[in-house]
Amino acid sequence: MRVLILGGDGYLGWPTAMDFAARGHDVCVVDNYLRRNIARETRSESLLPNPNLHDRTEIFESVSGKKIHVEIGDCADMRFMTRVFQTFQPDTVVHYAEQPSAPYSMIGFDEARKTLNNNLNATFNVVWAVIQHAPDCHIIKLGTMGEYGTPNIDIEEGWLEIEHKGRKDKFLYPRQAGSLYHTTKVLDTDLLWFYVRTYGIRVTDLMQGPVYGLSTTEADQDARLVPNFHYDDIFGTVVNRFMVQAVAGIPLTVYGKGGQTRGYLNLKDTLQCVDLAMDNPVDRGELRILNQFTELFSVNELAERVKRVGDRLGLNVQIEHIANPRKEAEEHYYNAKHHGLLELGLEPHYMADDVLVEMLKKIRPFKDRIDPVKVMPRVRWK
Ligand SMILES: NC(=O)c1ccc[n+]([C@@H]2O[C@H](COP(=O)([O-])OP(=O)(O)OC[C@H]3O[C@@H](n4cnc5c(N)ncnc54)[C@H](O)[C@@H]3O)[C@@H](O)[C@H]2O)c1
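The text that follows walks through the structure, step by step, so that each part is easy to find. Just so it is clear, the structure is predicted and the values come from calculations on it, not from any experiment.

Take the packing of helix 8 (residues 238-248) against helix 12 (residues 353-363) next. Two quantities define a packed helix pair, namely the angle between the helix axes and the distance between the axes. One way to put it is that helix 8 packs onto helix 12 with a least axis distance of 10 Å and a crossing angle of 60°. Relative to helix 12, helix 8 is oriented oblique. In this structure, the crossing between helix 8 and helix 12 has a hand that is right-handed. Touching Asn240, Met243, Val244, Ala246 and Val247 of helix 8 are Leu356, Met359, Leu360 and Ile363, all from helix 12.

Right, let's talk about the packing of helix 1 (residues 13-22) against helix 3 (residues 53-64) for a bit. Where helix 1 contacts helix 3, the two axes come as close as 12 Å, and the packing angle between them is 35°. Like other packed secondary-structure pairs, helix 1 and helix 3 cross with a definite hand, here right-handed. On helix 3, the residues that touch Trp14, Met18, Ala21 and Ala22 of helix 1 are Leu53, Arg56, Thr57 and Phe60. In terms of residue class, the contact of helix 1 with helix 3 is built from six nonpolar, one polar and one charged.

All buried positions along helix 2 (residues 34-41) are accounted for by Leu34, Ile38 and Ala39. Around the axis of helix 2, the buried residues are gathered within 130° of arc, so they sit on the same side. Buried residues in helix 2 make contact with strand 2 (26-31), helix 5 (102-105) and helix 6 (109-133). Two residues or fewer past helix 2, Arg43 is found with a positive phi of approximately 55°.

Right, let's talk about the side chain of Asn118 for a bit. With respect to the secondary-structure elements, Asn118 resides in helix 6. Overall, the relative accessible area of 13% leaves Asn118 in the buried class. Not counting chain neighbours up to four residues away, the residues in contact with Asn118 comprise Leu34, Asp74, Ala97, Glu98 and Gln99.

About the thresholds
- Residues numbered from 1 in each chain as written.
- Predicted model: local features only at pLDDT ≥ 70, side-chain atom pairs only at ≥ 80, totals over all residues.
- Heavy atoms only, no water.
- Axes fitted to C-alpha atoms, helices over the stretch in contact; angles between N-to-C directions.
- Helix = DSSP H or I, 4+ residues; strand = E, 2+ residues; numbered from the N terminus.
- Parallel < 35°, antiparallel > 145°, perpendicular 65-115°, else oblique.
- Left-handed = near helix turned anticlockwise from the far one by under 90°.
- Contact = heavy atoms within 4.5 Å.
- Nonpolar A, V, L, I, M, F, W, Y, C, P; charged D, E, K, R; others polar.
- Buried < 20%, exposed > 50% of the residue type's maximum accessible area, 1.4 Å probe, protein only.
- Arc of directions from axis to C-beta.

If you want it as structure tokens, here you go:
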């Protein structure tokens, strides 16, 4: 397969690129370093060093013998996308290329506009590049479980059948996101659904939960191949923040009551899910939505886990509840379905204590680089 990975320098894009190349696919990665630039602007750089994309691919080639093509450019620029699609002619495009930070999108007007323009324009260009230059190409798009919000009913896998005044129909599941970033993902899904039904493109939209982990088969071969690891309030997910706080001797900061419940998954399972989506493509004119997570945890449960594991390593971890910088329900019903990927063959790697121990051990040598200011909330939902 010829696989185009948009956002190939990112936390998920880089390990996906190595995984696909190792499996013998012809891989091209595209990135414009948006994340690295925002990280510099907001003092949110990755804790572990990450060589640039050209250097990463050279290191990977020296270790594996596999080549990954690199294109540095902006997916929101249609001339660039046209050239890439015309020359590479992908069978599958994996679209990760978005601004993925909820707090960044909530800083103010400029950051909100940048997030909206970037994410919608990138998705719009992917759709049109496929329509014009690779109409059979399967788009695998990363959505987020955050599109659904926290409704007081079960969350279905993408669609909801509704009976109204004696008649029935199926619609996209109602979505009510909690940040501008998550709202751009809702809009992406609407855009994709429109083009699926009117132009017959093929799309899998993966509603993914927060991902944790630094280990993949390829990343473990050389320390310089490690995925990005952000621990700050802008790009760091709650698991990363807790890990770093445990190592640095800072109390784990639980936002509000800590009952916020989400579906999480191991990085290794993201790779499996994207592999499974690619190996089982949808037909023309089909939008398949799959909820991509393996376990539900509340923030309190995560904090307890990190404390238990950290204490085992002698870290004496404390937990502190602080004012919630976000507007979100802190205690709520949450029951989300996630059958589709299991039915396709997903074999989950659960959050066992050993997985967290391994992460803590990878972080520990960088303890001196941890900036305590960055793990505290710097952005508040107005
Ligand atoms: N990491 C998670 O826990 C998680 C959870 C749910 C959904 N997602 C989604 O998965 C995708 C990847 O997430 P990630 O954590 O790897 O984020 P990331 O920021 O590490 O990776 C995204 C990459 O895309 C690049 N990019 C962004 N806009 C671009 C553009 N216009 N042109 C070219 N490159 C561009 C960035 O520079 C970055 O390298 C995102 O769409 C995100 O919304 C991630």
